[in-house]
Amino acid sequence: MIRFAQRRDRSAIALLLLTILGVLLSRGAAAAFAGGAVLMVIAVLKARLVVLDYFGFRGAPGSWRALLFGWIALVACGALASPLVQALR
């Protein structure tokens, strides 16, 4: 069994797996069914991993992490707002 000593190794594997999952879900009927919401959740999870492990905010004060995660959530909600408005018309 392979042992990954560093958190970045685990994060890199998780990012690759989430990317593969996103590509698979964006094909065919799954994309139409999910309406992009599942893909946005995957993107938010990937952004969280990048912010924590590659930007070095895992050990940062909570206020900085909250600010960055708030920004990620705002962008994600903004990206989902337009299709939601179009669907309600």
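Reading guide: rules and limits
- Along every chain, residues carry numbers that run from 1 in the direction the sequence is written.
- In view of the model being predicted, local features appear only for residues whose pLDDT reaches at least 70, and side-chain atom pairs are presented and counted only at 80 or more, with totals across whole chains, interfaces and linings using the full set of residues.
- Excluding hydrogens and water, the side-chain values take into account all heavy atoms of the structure.
- UniProt positions are given in the numbering used here, feature names are shortened, and annotations may be inferred rather than shown by experiment.
- The way it works is that DSSP assigns letters per residue, a run of H or I at least four long becomes a helix, a run of E at least two long becomes a strand, and they are numbered from the N terminus.
- Distance thresholds for patches are 9 Å for like charges and 5 Å for nonpolar side chains (Val, Leu, Ile, Met, Phe, Trp, Tyr), applied to residues having over 30% relative accessible area and no salt bridge.
- Here the open area of atoms and residues is found with the Shrake-Rupley method and a 1.4 Å probe, where only the protein chains shown may cover a residue.
- By definition, a salt bridge exists where a carboxyl oxygen of Asp or Glu is found within 4 Å of a side-chain nitrogen of Lys or Arg.
- Only C-alpha atoms enter the line fits that serve as axes; for helices the fit covers just the stretch in contact. Angles between N-to-C directions range over 0 to 180 degrees.
- To sort the angles, those under 35 degrees are grouped as roughly parallel, those over 145 as roughly antiparallel, those from 65 to 115 as roughly perpendicular, and the leftovers as oblique.
- What makes a crossing left-handed is the near helix being turned counterclockwise from the far one by less than a right angle; a clockwise turn instead makes it right-handed.
- Only heavy atoms matter for contacts: two residues are in contact if any of them lie within 4.5 Å across the pair.
- Side-chain classes follow a simple rule in which Ala, Val, Leu, Ile, Met, Phe, Trp, Tyr, Cys and Pro form the nonpolar group, Asp, Glu, Lys and Arg form the charged group, and the remainder, Gly included, forms the polar group.
- The span one expects for a helix is its residue count, reduced by one, times 1.5 Å.
- Burial classes follow relative accessibility: with a 1.4 Å probe on protein chains only, a residue under 20% of its type's maximum area counts as buried, one over 50% as exposed, and anything between as partly exposed.
- An arc is given here, and it is the one of the directions from the helix axis to the C-beta atoms.

With an unreviewed UniProt entry as reference, the chain is termed Cytochrome C oxidase subunit IV family protein, source organism Rhodopseudomonas palustris. Heading Subcellular location (unreviewed entry) of the UniProt record for the chain holds this comment: "Cell membrane".

1. Side note on the UniProt feature "transmembrane region" (unreviewed entry) in the chain
Taken from the UniProt record, the annotation "transmembrane region" (unreviewed entry) applies to residues 67-88. From the first C-alpha to the last, residues 67-88 spans 31 Å; its make-up is 100% helix and 0% strand.

2. What about a nonpolar patch on the surface?
Together, Ile-13, Leu-17, Ile-20 and Leu-24 give the surface a local cluster of nonpolar side chains, amounting to about 390 Å² of exposed area. The topology assignment puts Leu-24 in helix H1 (residues 7-25).

3. With respect to the packing of H1 against helix H3 (residues 37-54)
Contact geometry for H1 and H3: axes closest at 10 Å, N-to-C directions at 165°. With respect to H3, the axis of H1 lies roughly antiparallel. In this structure, H1 crosses over H3, and the sense of that crossing is left-handed. Here H1 contributes Arg-7, Arg-8, Ser-11, Ala-12, Ala-14, Leu-15, Leu-18, Thr-19, Leu-21, Gly-22 and Leu-25 to the contact with H3, which in turn contributes Val-38, Leu-39, Ile-42, Leu-45, Lys-46, Leu-49, Val-50, Asp-53 and Tyr-54. Across the contact of H1 with H3, the residue classes break down as 13 nonpolar, three polar and four charged.

4. A closer look at the environment of Val-23
Looking at the element boundaries, Val-23 is found in helix H1. Along the primary structure Val-23 and Leu-39 are separated by 16 residues, whereas in three dimensions their C-alpha atoms are 8.9 Å apart.

5. Quick look at H1
With 19 residues, H1 should reach 27 Å at 1.5 Å per residue; the first-to-last C-alpha distance of 26 Å fits that figure. Taken together, the buried positions of H1 are Ser-11, Leu-15, Leu-18 and Gly-22. Each buried residue of H1 lies within a common arc of 70° when the element is viewed along its axis, so the set occupies one face. Summarising the geometry of H1, the exposed residues directed more than 90 degrees from the buried face are Leu-16, Leu-17 and Leu-24. Against H3 lie the buried residues of H1.

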